[in-house]
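Residue-level structure breakdown
The lines below spell out each chain.
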Amino acid sequence: MGSQTLQSNINFSNMNLLSPSGAVINGISWQNGLLTQSPLIITTTSLPETTHGGSYSTFLAASGGFPLYLWNVSGVLPPGLGLDTLTGNITGMPLQSGVYTVKIQLTDSALQVVTKDFTIVVNQPPVILTTSVPEATVGRQVSQSLAASGGKSPMKWSISQGILPQGILLDSSTGVLRGIAAVSGLFTFTVKLEDVNGAVDTEILTMKVNTEPAITTISLSDTTAGANYKNTLQVSGGTAPYSWEILSGLPPGLSLITDTGEIIGIPNAAGNWQFTVTVRDINGASISKNMQILVNPAPDINTSSISNIYQGTSGTDFIFTATGGVAPYTWDVVSGNLPAGLVLDGQTGTVSGTPV
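Residues numbered from 1 in each chain as written. Predicted model: local features only at pLDDT ≥ 70, side-chain atom pairs only at ≥ 80, totals over all residues. Heavy atoms only, no water.

Section: the overall build of the chain
Put simply, the rule is: Helix and strand definitions here come from DSSP, where helices need a minimum of 4 consecutive H or I residues and strands a minimum of 2 consecutive E residues; each element is numbered from the N-terminal end. In this scheme, a residue with accessible area under 20% of its type's maximum is buried, one over 50% is exposed, and one in between is partly exposed, where area comes from a 1.4 Å probe on protein chains only. Here, residues are in contact when the closest pair of their heavy atoms is within 4.5 Å. Calculation of accessible area relied on Shrake-Rupley with a 1.4 Å probe; when residues are assessed, cover is drawn exclusively from the protein chains displayed.
Counting its regular elements, the chain contains zero helices and 35 strands. Within the chain, buried positions represent 30% of all 356 residues. A separation of at least 24 residues holds for 56% of the contacts in the chain among residues at least 6 apart in sequence. Carbon together with sulfur atoms contributes 53% to the accessible area of the chain, which is approximately 20,700 Å² in total.

The structure is reproduced here in structure tokens:
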């Protein structure tokens, strides 16, 4: 009934421990008279990248040794990040981009210590580079890519405030504004760009949607064959710059300046010339209108001779007449001289006076 001590000469070496049911207890063994567990190891192989201004959360993992574990970092984590020494969770918001090398230390309850080097890449924050978008035209296709730098893909685009013009949508994956504008107006909206790590940038943009172009010139002025001619076609709506076109029908001698809408030249043939003018804006919206230019015949002096008059005789007026051109006429003596005492009325073409 008293206590007894039994002694055996059997030596145990590198033996597995068995559960009461006879199963091997994995990870624990009897080695050289000591109860040991699998070696203490940091099993995490790498740390994920992050972005300046984004959120960061990752757990360090380990095996072996004797929990509980205690985690520490030797060196400096990226600014804004911290390590939970009990859970091994690295969390925070990186405040500076760069490549950071850190040494992680793990200590178990048996005071075993292991270390491992890691690299954390903190990417540049996303930045929207587009500061303005081109004007659009009602009824015309819009396709405008928004540009950005930094951040880590995949990136997500969205409208955080304001509204896009009706008919225009923003592709969340590509950052392309695309569609056909349905209404005119001035639209202000805030574009938001978020990278995979939650880093965000925003930009306020304004898109002007113009009405469809309209030719506002009602008619073109008449002219005369042989006279200098200049007239400018007018347009409203649409989006500048414009391009003008007249395929045929302009009076001979006149030409169209396509980027200004000016019709210039010296017509050399009389007639009522009819043609179609088309204006197209930068977005491809166009409008056409039928126009005409009346070119009158060049003026012609009908008077070919005058009666003789006598020196000192008064009251012997005579009138030059003309056809063609556009009244009122202006008369002038371009060479030679009238007889002394006679004068030409520049408005009526009447020569009067008393020759001396």
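Don't stop here, the text continues.
Things to note about the pairing of strand 10 (residues 89–92)
To keep it simple, the criterion reads: For two strands to be treated as a pair, DSSP must find at least two bridges joining them.
As judged from the four bridges shared by strand 6 (residues 56–59) and strand 10, these two strands associate in the antiparallel manner. Within strand 10, the position partnered with Thr 58 by the bridge is Ile 90. In terms of strand pairing, strand 9 (residues 81–83) meets strand 10 through three bridges, oriented antiparallel. In the sheet register, Gly 82 faces strand 10, and the bridge partner there is Thr 91. Hairpin connection from strand 9 to strand 10: five residues lie between these consecutive antiparallel strands, with Gly 88 at a positive phi of about 75 degrees.

Remarks on the sheet that holds strand 6
The pairing of strands in a sheet comes from backbone hydrogen bonds and takes either a parallel or an antiparallel form. Which entries qualify depends on this criterion: For helices, the axis comes from a line fit to the C-alpha atoms of the stretch in contact; other axes are also lines fit to C-alpha atoms, and the angle between any two N-to-C directions lies between 0 and 180 degrees.
Read from one edge of the open sheet, three strands run 6-10-9, paired in antiparallel fashion. Both outer strands of the open sheet, strand 6 and strand 9, are each paired with one neighbouring strand and no more. For this sheet the average axis-to-axis angle between neighbouring strands, irrespective of direction, equals 15 degrees.

Thoughts on the layout of surface pockets
Vacant regions in the atomic arrangement are exposed by a probe of water-molecule size rolled over the atoms. To be explicit about the condition: Grid points spaced at 1 Å and placed over the protein atoms alone form the basis of the search, with a cavity being a set where a 1.4 Å probe fits but cannot get out and a pocket an open set showing protein on both sides within 12 Å along at least five of seven lines. Lining residues have an atom within 4 Å of a point. Grid points are joined across faces, edges and corners, and a volume is the space filled by probe spheres set on the points. Three categories are distinguished: nonpolar for Ala, Val, Leu, Ile, Met, Phe, Trp, Tyr, Cys and Pro, charged for Asp, Glu, Lys and Arg, and polar for the others, with Gly belonging to the last.
If you add up the space inside the largest pocket, you get close to 370 Å³. Broken down by secondary-structure element, the contributors of at least two residues to the lining of the largest pocket are strand 31 (300–301) and strand 34 (342–344). Residue classes in the lining of the largest pocket are distributed as 15 nonpolar, two polar and two charged.

Considering the pattern of salt bridges
Let me state the cut-off plainly: Take a side-chain nitrogen of Lys or Arg and a carboxyl oxygen of Asp or Glu: if they are within 4 Å of each other, that pair is a salt bridge.
Applying the stated criterion to the full structure yields three salt bridges. For the salt bridge of Asp 117 with Lys 103, the shortest nitrogen-to-oxygen distance reads 2.9 Å. Of the two residues, Asp 117 is situated in strand 12 (residues 113–123) and Lys 103 in strand 11 (residues 98–107); the sequence distance between them amounts to 14 residues. For Lys 103, a relative accessible area of 31% corresponds to the partly exposed category.

Some points on the sheet that holds strand 32 (residues 318–319)
On the basis of which strands lie adjacent, the open sheet formed by three strands has the order 32-35-34 and antiparallel pairing. The strands lining the two open edges of the sheet, one partner per strand, are strand 32 and strand 34. With two bridges connecting them, strand 32 and strand 35 (residues 350–353) associate as antiparallel partners. Across the sheet, residue Ile 319 finds its bridge partner in strand 35, namely Thr 350.

Considering unusual backbone geometry
The step from Pro 67 to Leu 68 runs through a cis peptide bond, and the omega angle for that step is 10 degrees. By the element assignment, Leu 68 lies in the loop between strand 7 (62–63) and strand 8 (70–74). Phi is positive for Leu 111, which is not a glycine, with a value near 65 degrees.

Overview of the environment of Pro 39
Secondary-structure assignment places Pro 39 in the loop between strand 3 (34–37) and strand 4 (41–42). Along the sequence, Pro 39 and Ser 63 sit 24 residues apart, while their C-alpha atoms lie 7.7 Å from each other. What Pro 39 contacts, discounting residues up to four positions off in sequence, is Ser 63, Gly 64 and Gly 65.

A few points about the nonpolar core
What counts is decided by this rule: In these notes, a set of buried Ala, Val, Leu, Ile, Met, Phe, Trp, Tyr and Cys residues joined through side-chain atoms within 4.5 Å is what counts as a nonpolar core.
Counting 20 residues, the largest nonpolar core has Leu 146, Trp 157, Leu 177, Val 191, Met 207 and Val 209 as its most contacted members. Sorting elements by how many residues they give to this core places strand 20 (residues 185–194) first, with four residues. Dropping the residues within four chain positions of it, Val 209 is found in contact with Ala 136, Thr 137, Val 138, Pro 165, Ala 181, Val 183, Ser 184, Gly 185 and Phe 187. Membership of the second largest hydrophobic core comes to 18 residues, among which are Leu 47, Tyr 69, Leu 81 and Leu 83.

Thoughts on the side chain of Asn 296
With respect to the helices and strands, Asn 296 occurs in strand 30 (residues 286–296). Among the residues examined, Asn 296 registers a relative accessible area of 15% and is labelled buried. With sequence-adjacent residues up to four places away left out, Asn 296 is seen in contact with Asp 222, Thr 223, Thr 224, Ala 225, Ala 270, Gly 325 and Val 326.

Examining the environment of Ile 257
Inspection of the secondary structure assignment puts Ile 257 in strand 27 (residues 254–257). Look at Ile 257 and you get partly exposed, because its relative accessible area is 28%. Residues Ile 257 and Ser 243 lie 14 residues apart in sequence; the distance between their C-alpha atoms is 9.1 Å.

Regarding the packing of aromatic side chains
Quick reminder of the rule: The aromatic pairing rule takes the rings of Phe, Tyr and Trp, using the six-membered ring of Trp, and pairs them if the centres are within 6.5 Å, calling planes under 30 degrees apart stacked, those over 60 edge-to-face and the rest tilted.
As enumerated under the stated definition, the model contains two aromatic pairs in all. With a centroid separation of 5.8 Å and 80 degrees between ring planes, the pair formed by Phe 318 and Phe 320 is classed as edge-to-face. Plain terms: the ring middles of Phe 320 and Trp 331 are 6.0 Å apart, the flat faces sit at 25 degrees to each other, and that makes the pair stacked. Of the two residues, Phe 320 is situated in the loop between strand 32 and strand 33 (322–323) and Trp 331 in the loop between strand 33 and strand 34; the sequence distance between them amounts to eleven residues. The exposure class of Phe 320 is partly exposed, given its relative accessible area of 23%. Judged by its relative accessible area of 14%, Trp 331 falls in the buried class. These aromatic residues form a ring-pair network of at least three members: Phe 318, Phe 320 and Trp 331.

From the geometry alone we can't say anything about function, so treat these as descriptive.
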